[in-house]
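Report on the structure
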Amino acid sequence: MTLGAFGGFPSLRNPRVLFYNVERGAAELERLARDVDEAVEKAIGLELERRRFHALATVARVKDALSPDVSARFARVPPLTDAVTSVDRFELVETRLARTGATYTVVKEFALS
């Protein structure tokens, strides 16, 4: 898997999430996400995610509005073109959002072959 461009949701000017896009490996991650969604739907009837999947590596979540000066700096963050990693497993993680921040709990780990 390789990482690429730096980005933010909903935008770099007013981000709530900062991330790097996944470049090489994105199609495989998209297939994996679809397979996981379909297995969960089949097992417990949870409705499939309707939004398009975007392979990314989250760097940070932004709680409060940022100054225009800080937001402007995000546009100058270079891509991580030399960042390469192997992925041999993934974790199913439960996220619980609270006013104090998110809590993440690993539900199960899966090895990739």
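In this text the structure is predicted, and so the values were computed from the model without any measurement. (Residues numbered from 1 in each chain as written. Predicted model: local features only at pLDDT ≥ 70, side-chain atom pairs only at ≥ 80, totals over all residues. Heavy atoms only, no water.)

Turning next to the pairing of strand E1 (residues 3–9). Along E1, five of the seven residues are buried, which leaves the element largely enclosed by surrounding structure. Bridge count between E1 and strand E2 (residues 17–22): five bridges; the pairing is antiparallel. Note that in E2 the partner of Leu-3 across the bridge is Val-22. (Buried < 20%, exposed > 50% of the residue type's maximum accessible area, 1.4 Å probe, protein only. Helix = DSSP H or I, 4+ residues; strand = E, 2+ residues; numbered from the N terminus. Pairing = 2+ DSSP bridges.)

This paragraph deals with a negative patch on the surface. There is a patch of like negative charges on the surface, built from Asp-35, Asp-37, Glu-38 and Glu-41. Take Asp-35: it is sitting in helix H1 (residues 26–44). Classification of Asp-35 by relative accessible area gives partly exposed; the value is 44%. (Patch = residues over 30% accessible without salt bridge, like charges linked within 9 Å, V, L, I, M, F, W, Y side chains within 5 Å. Areas by Shrake-Rupley, 256 points an atom, 1.4 Å probe, with all protein chains shown as cover. Salt bridge = Lys/Arg side-chain N within 4 Å of Asp/Glu carboxyl O. Lys, Arg positive; Asp, Glu negative; His and termini not counted. Charge placed at Lys NZ, Arg CZ, Asp CG, Glu CD.)

A separate point is the packing of aromatic side chains. With the rule as written, the count across this model stands at four aromatic pairs. Their ring planes at 65 degrees and their centres at 5.1 Å tell us that Phe-6 and Tyr-20 sit as a pair that is edge-to-face. Here the residue Phe-6 occupies a position in strand E1, and Tyr-20 occupies one in strand E2, the gap between them amounting to 14 residues. Using a relative accessible area of 15% as the deciding quantity, one classes Phe-6 as buried. The interplanar angle of 35 degrees and the centroid separation of 4.8 Å between the aromatic rings of Phe-9 and Phe-19 together place this pair among those described as tilted. (Phe/Tyr/Trp six-rings, centres within 6.5 Å; stacked < 30°, edge-to-face > 60°.)

Counting residues in each nonpolar core, the largest one holds eight residues, listed as Leu-3, Phe-6, Leu-18, Tyr-20, Val-22, Ala-55, Val-62 and Phe-74. When contributions to this core are tallied by element, the ones reaching two or more residues are E1 and E2. With three residues, the top contributor of residues to this core is E2. (Core = buried A, V, L, I, M, F, W, Y, C linked by side-chain atoms within 4.5 Å.)

Before going further, it helps to spend a moment on a nonpolar patch on the surface. Together, Leu-92, Val-107 and Phe-110 make up a nonpolar patch on the protein surface, roughly 230 Å² of accessible area in all. Tracing the sequence through the fold places Val-107 in strand E5 (residues 101–111). Val-107 sits in the exposed class, given a relative accessible area of 53%.

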